[in-house]
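A closer look at the structure
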Amino acid sequence: MEMKMSKSKTCKSILLAAFILGAGCKERYIPKEIATNYSYLVVDGFLNAGNDTTTITLTRSKTLEDKNSFYPELSAQVRVEEEGSGNMFTLDEIGNGKYQVPLLPLNPSRKYRLNIRISNGGVYQSDFVVVKNSPPIDSISWDQNEEGVTIYANTHDPQDSSRYYRFEYTETWEHHAEYSALYDYKNGAVVYIADPDSNHYKCWTTQRSTDILLASTARLDKDVLYKFPLRKILRNAEEISVKYSTIVTQYVLTEDGYQYWNLLKKNTEELGSIFGPQPSQQTGNIHCISNPEEPVMGYLSATTGLKKRIYINNNEVLPWQYPRNCQTITVDAIPDSIQWYFGMLGYSPIDSVTAPPGKKYNASQKPCVYCTFTGGTTTKPSFWP
Amino acid sequence: MNPVRKNILFIFFAVLVCAKGFSQEKLISVSFDQSTFEDVVKDLESKTDFHFYYDPIQFDSFQVSIHVVDKSVPYILKQIFQGTDYRFSIDSHDRIYVVKRLEILTTLPPGFFDKRSRKDSLAYANITADTSGETDKPTNTATSENKLYEIGIKGLQTKPGSAIITGYVKDSKNGEPIIGAAVYVENTKTGTVTDQFGYFTLTLSRGRHQLKITSVGMKDARRQIMLYSDGKLNIEMFDFIPSLKAIVVVAEKASNVKGVQMGLEKVSIRTIKQVPVVFGEADVLRVVLTLPGVTSVGEASTGFNVRGGAADQNLILFNDATVYNPSHLFGFFSAFNPDCVQDIELYKSSIPEKYGGRLSSVLDVTTRNGNKKKIAGTGGIGPLTGRFTLEGPIWKDRTTFVIGARTSYSNWILRNLHNDEFNKSKASFYDANLHISHEFNSKNNLYITGYISKDQFKLNSDTTYGYSNRNLSIKWKHIFNSKFYGIATTGIDNYQYDVSSSANPVNAFDLKFKISQYNARFDFSYAASAKHSLDFGVTSVLYKLDPGSLNPVGDKSLVTPDIVQPEQGLETAVYVGDKFDISSKLSINIGLRYSMFNYIGPHDVNSYAEGLPKEESNITDTTHYNKGNVINTYRGPEYRVSARFAINDVSSIKASYNTTRQYIHSISNTASISPTDIWKLSDPNIKPQLGEQISLGYYHNFRSNTIETSVEVYYKNIDNYLDYKSGATLILNHHLETDVMNTKGRAYGIEFLLKRTTGKLNGWISYAYSRTELKMDDPSVGPVINHGNYYPANYDKPNNLNVIANYRFTHRFSMSMNVVYSTGRPITLPVAVFDLAGAQRLYYSDRNAYRIPDYFRMDFSMTLEGNHKVKQWLHSSWSAGVYNLSGRKNPYSIYFVQENGVIHGYKLSIFGTAIPFITYNFKF
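Residues numbered from 1 in each chain as written. Chains lettered and ligands numbered in written order. Predicted model: local features only at pLDDT ≥ 70, side-chain atom pairs only at ≥ 80, totals over all residues. Heavy atoms only, no water.

As for the overall build of chain A
Each helix and strand counted, chain A has four helices and 25 strands in total. Put simply, chain A has 385 residues, and 51% of those count as buried. Put simply, of all contacts in chain A between residues at least 6 apart along the chain, 68% involve residues at least 24 apart. Of the accessible surface of chain A, which amounts to about 18,200 Å², a share of 48% is contributed by carbon and sulfur atoms. (Helix = DSSP H or I, 4+ residues; strand = E, 2+ residues; numbered from the N terminus. Buried < 20%, exposed > 50% of the residue type's maximum accessible area, 1.4 Å probe, protein only. Contact = heavy atoms within 4.5 Å. Areas by Shrake-Rupley, 256 points an atom, 1.4 Å probe, with all protein chains shown as cover.)

Here it is as structure tokens:
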């Protein structure tokens, strides 16, 4: 159970005075002082105690101003060490800073740690961590009210020993353009789309959870997590305009691991409310052996990442109307008009009508014809029914 | 000839010349604007052959504004004195006598015969000093200024040596005591200041003296006394109601130069009411924040920091009751109803030995005692709140009451806003005060104060927050004899908060916190001799804390009841202090306080492995202590020494050295006082905080004490200041010692103050440069902060400038302006971004390594009062103004959040625009 103030959404909701006078204010701001480049090693991933791949991603941190999104740490040696036996399991570099091993034979009664040697000779090591097996997710449920749909996780541990949970989800939704086009405008000419499935009408967008979703039942009598909110989808959002699916991964954490994630959450997600905590420096369980002063980002856990998927169809949440403002125009099938409307103004052809004095295309704005305009791909995911 | 007859003859003579006077018809032109009478006389004497005879003292507060062309002198004088008590007469030798209303005295001051031939002999004539032509006062009080009061038992001859006068200074209008009035003998350095009951004790040499009594907002009073032996003198002062003809505000306040006390800031409610505040309601704590050396963490907080102390290091007393949360509505209002407050005193460097228990300062808020003569009321209506206060006698001249209440109607406003977010939010408060004073007889007085406040709010979420202060104090004052009096005080103070949510039936909870303290104290004051006055006493506080209880709400709730074990502590202190006037130039105050704290069972106390951080994994043992067992004891002396050396009449140097101890701590990981802050007693694992301060000051007054200036420097050490560890859990923590750490603190600064107390333009300018730094370098306590170096405290704001200015255009119309500038407070900034678990995360800098942008604000207000007729049933005034005139978006905080996987920085301002307000106040 969390006792915190709801994160203020706008400056108006911050304070009563602001409510009444509309005076409170929240503005974008980046202080100039933060210029130094602090490049620290970031260790992302967990030791998978289930029958699945263990992937550890090594990257470097960057400045706030830096728009280049990714600095992978290449050519590192990454090994998992078993406490006591000294058994070592090597993770193979698969590129882009990712290091993998298909299956780690983790013994639940032993502890494990990660050893990393990077290309410049720096040596890093995590603390020994216990293996926490996760109970299965009971269900992923959802309900709907005026504001939209909320998706919840429900889980329980009959042994009452899990207590600290972290969730991640990867959601995918199908969404359609307003019009299903028979034609496309390519290289200055209107072409007929031969394969009706390739007309950028149906799209699938996939995205990973970004918030740190933490739950604790430590204060409850029983280790029962009931209706822990994972995701809120606002009413009439594109996500459930056709069909929506989410796959939820549940990790069980140690208390220390929970504290790390909780502080990381506080440091990045919960600051700024009036009674919000001060941000603070944090250290995880990974250390730089070669230079003890150097901080290392990330926290290593060993757990099973159990998953559960659900689907929500548009007809289950009706009325649900993704709002679009689409109108069609007609464009004479003559080069000048085609050039003007499709080339210059960015309209897209839909279909054609032939009526005196000649052939015309029905057309609309690009977002109404190309589903990819709001994101996603036209490739149907393999799991999609 | 006996003196009485001589006197009558003199009067007779005056009347006679009056009758014989005739006017000379020379025509002259004069033009004066608020000139002194002296100037007028000089001018008239230069233009005519007239000679004036008058007592300058009678005219010291009389100002003349007149413009005439070609008029006779009698005509001019008639114009000047019309509607006043002054009478003039002109004799055949062109001599003009100007006197006040004549009266006969029964005694003639000694020395009369020697001086009768001189002009200033008029000073001994039976003339009253009453400049308020429109007031209607009983003549018996009017005489008191020149009446000679005989004090003590008259011997045949006045013995050499000294004697003591005691008495009360009261407001003639309503009989309320006047606190902090200066009672002194002019031309010598002998004087005192009345205490919280308006009581004074003054040791003087036997013989004749002229006492002067001054207090801000009151007309100066004088008493001629003949001191034979110890005795009593009660003094009534008149409200200063300036006559419309001549504007004078006289307040000879020299106490900043003459008092031994240093770092004492005193503000009367009149001054407080002139300062513009955000919602138009006079606010005690807002004014405190403008004083040098006082800063606040942010806009919406009434927690304040004095000379680098934390917000919990201030002892806030409301008629001796400790107020734990001095704010309402997130700090937009302070807990004190301005209509019930008489004045405030803030001790920031030399804290009198009678106070203890907090490290940094004492803020003493005193309520009014209530009108002794008639039922009266005051009130006001502002944009968010309404208030009403009623006062009056219950039993004439014996018992008075003041009852005040305040409430917000913000909930009503929120309900009427057509916005879902607002409709779901709630915010309201109320408070009520009751103060009763009863006089059994001249030696025994009883005072009862009750206070209750409640706040409740909910901000567009399911969670409701509420908190409440409740206080009761009973004081009995007994005067043993003229040299010795004592006060016995007892009371209960209570603060509690409550957080609850029932939106999710499985998680529905109710979290409570409560602190109660039971006080008893005996304070005595003994005027040992002319040079020594002693204060001593004993005080005891029993603390009872319920540091948190979590309970399920409803049948479906799975919340496990979780109760952090209650704790008890007893703080006892004895003190003695001596104010010693070594010479007329040098005075010292030596105070010693010895305090002791017992942590009392029942309680389970953890022991931790020595040399290892206090963490759960290092608990070696848990010991159970039974009810009433003393678990451990901390004790130690606190020294309070201050000295004043008067260089001359208008300047002095003061120095002080203070040590303080604090046994109760508020632990917070937000920068301001928030309703969910935890208070924790010292226990075997949490040591008391120790403070030590040395300060030095220079004071200089200009223009007959109407302009005060001062410079003070200080250096302060704080030991065992509690700061939270990174990622600390504070609520419902059964072993709080594992989440907090002791730090060392140091603070130093220099403060400048320039203050003009009177005149059309009055106000003050204060500037302070101050630093506050903390240090945690002991790895056995936990991870060291900032590599064990000193780091700035959350409230470290080096430069602070405050300007408060009032300009009175007419009696009914005045304008005020205040300007606030300060360095931005320190923050911890993110220095690196990294990807973890699918999103960008932040790595933060060293603690408090950066600062938010500087703070600047300018407010403006004007007050229009109704007509100034003294006799009308309702006096009303309007005040209107603009808060944050320049509309500057002062950052309350800078913070960074991850939104859709990308880090965004935000600047949060609470008042991002100019806020106009209007308030209606009334009084009857």
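The structure having been displayed, the exposition proceeds.
Looking at the sheet that holds strand 24 (residues 347-355) of chain A
Residues and elements named next belong to chain A. With respect to topology, three strands assemble into an open sheet ordered 23-25-24, the strand pairing being antiparallel. A single partner strand is all that each edge strand has here, and the edge strands are strand 23 (329-332) and strand 24. Neighbour-to-neighbour, the strand axes of this sheet turn through a mean angle of 35 degrees, independent of strand direction. Examined bridge by bridge, strand 23 and strand 25 (residues 358-365) share four bridges and lie antiparallel to one another. (Pairing = 2+ DSSP bridges. Axes fitted to C-alpha atoms, helices over the stretch in contact; angles between N-to-C directions.)

A word on the side chain of A:Ser245
Residue and element names in this part refer to chain A. Looking at the secondary structure, you find Ser 245 in strand 19 (residues 243-253). Of note is the side chain of Ser 245, whose polar atom sits 2.9 Å from the backbone oxygen of Ile 310. Residue contacts for Ser 245: discarding those within four places in its chain leaves Thr 170, Glu 171, Thr 172, Arg 309, Ile 310, Tyr 311, Phe 383 and Trp 384. (Polar contact = N/O pair within 3.5 Å; in protein donor to acceptor, adjacent residues only side chain to side chain.)

Things to note about the nonpolar core
Counting 49 residues, the largest nonpolar core has B:Ile515, B:Tyr543 and B:Ile664 as the members making the most contacts within it. Apart from the residues lying within four places of it in its own chain, the contact partners of B:Ile664 are B:Asp312, B:Tyr324, B:Arg358, B:Ile515, B:Tyr543, B:Leu545, B:Trp679, B:Lys680, B:Leu681 and B:Gln689. (Core = buried A, V, L, I, M, F, W, Y, C linked by side-chain atoms within 4.5 Å.)

Observations regarding the sheet that holds strand 11 (residues 137-145) of chain A
Residue and element names in this part refer to chain A. Read across the sheet, three strands follow the order 11-12-18 without closing on themselves; strand pairing throughout is antiparallel. Two strands in the sheet have a free side with no partner beyond their single neighbour: strand 11 and strand 18 (224-234). Each adjacent strand pair in this sheet contributes to an overall mean axis angle of 25 degrees, direction not counted. Sheet topology note: the strand 12 (residues 148-156)/strand 18 ladder contains eight bridges and is antiparallel.

Some remarks on the confidence of the model for chain A
The predicted model of chain A averages 82 in pLDDT, with 88% of residues at 70 or higher. Throughout residues 1-23 of chain A the model reports pLDDT below 50, and contacts reaching past four residues in sequence, or to other chains, amount to 68 contacts. (pLDDT = per-residue confidence, 0-100.)

Some details on a negative patch on the surface
A cluster of acidic residues, A:Asp127, A:Glu255, A:Asp256 and B:Glu616, forms a negative patch on the protein surface. With respect to the helices and strands, A:Asp256 occurs in helix 2 (residues 255-269). Note on A:Asp256: relative accessible area 48%, which makes it partly exposed. (Patch = residues over 30% accessible without salt bridge, like charges linked within 9 Å, V, L, I, M, F, W, Y side chains within 5 Å. Salt bridge = Lys/Arg side-chain N within 4 Å of Asp/Glu carboxyl O. Lys, Arg positive; Asp, Glu negative; His and termini not counted. Charge placed at Lys NZ, Arg CZ, Asp CG, Glu CD.)

What to know about helix 3 (residues 73-81) of chain B
All names here are of chain B. Of all the residues in helix 3, the buried ones are Val 73, Pro 74, Ile 76, Leu 77, Ile 80 and Phe 81. Here the buried residues of helix 3 occupy an arc of 160 degrees about the axis, which is enough to place them on one side. The elements touched by buried residues of helix 3 are strand 1 (27-36), helix 2 (37-47), strand 2 (51-53), strand 3 (63-72), strand 4 (87-90) and strand 5 (95-99). (Arc of directions from axis to C-beta.)

Examining the packing of aromatic side chains
Here a ring pair, both rings aromatic, is described through the centre-centre distance and the interplanar angle of the planes. Residue and element names in this part refer to chain B. Per the stated rule, a full pass over the model turns up 42 aromatic pairs over all chains. Note on Phe 333 and Phe 429: the rings are 5.5 Å apart at their centroids and 45 degrees apart in plane angle, and the pair reads as tilted. Of this pair, Phe 333 sits in strand 21 (residues 333-334) while Phe 429 sits in strand 27 (residues 426-441), and the two are 96 residues apart along the sequence. On the accessibility criterion, Phe 333 (3% relative accessible area) is buried. Lying over the aromatic face of Trp 764, Lys 755 brings its terminal NZ or CZ to 5.7 Å of the ring centre. (Phe/Tyr/Trp six-rings, centres within 6.5 Å; stacked < 30°, edge-to-face > 60°. Lys NZ or Arg CZ within 6 Å of the ring centre and 35° of its normal.)

A word on the state of the cysteines
Residue and element names in this part refer to chain A. Under the counting rule described, the total for this entry stands at two disulfides over all chains. Disulfide partner of Cys 203: Cys 371, at an S-S distance of 1.8 Å. In this structure the cystine formed by Cys 203 and Cys 371 twists about its S-S bond by roughly 70 degrees; its chirality is therefore right-handed. Of this pair, Cys 203 sits in strand 16 (residues 202-208) while Cys 371 sits in the segment after helix 4 (366-369); the two residues are 168 residues apart in sequence, bridging distant segments of the chain. Considered together, Cys 203 and Cys 371 belong to a single accessibility category, that of buried residues. Between the sulfur atoms of Cys 326 and its disulfide mate Cys 368 the distance is 1.9 Å. Sign of the S-S torsion, about -90 degrees for the bond between Cys 326 and Cys 368, identifies this disulfide as left-handed. Placement of the pair is Cys 326 in the loop between strand 22 (306-313) and strand 23 and Cys 368 in helix 4, with a sequence separation of 42 residues. Like Cys 326, the residue Cys 368 is buried in the burial classification. Each disulfide in chain A links cysteines that, numbered along the sequence, combine into the pattern 1-4, 2-3. (Disulfide = S-S within 2.5 Å.)

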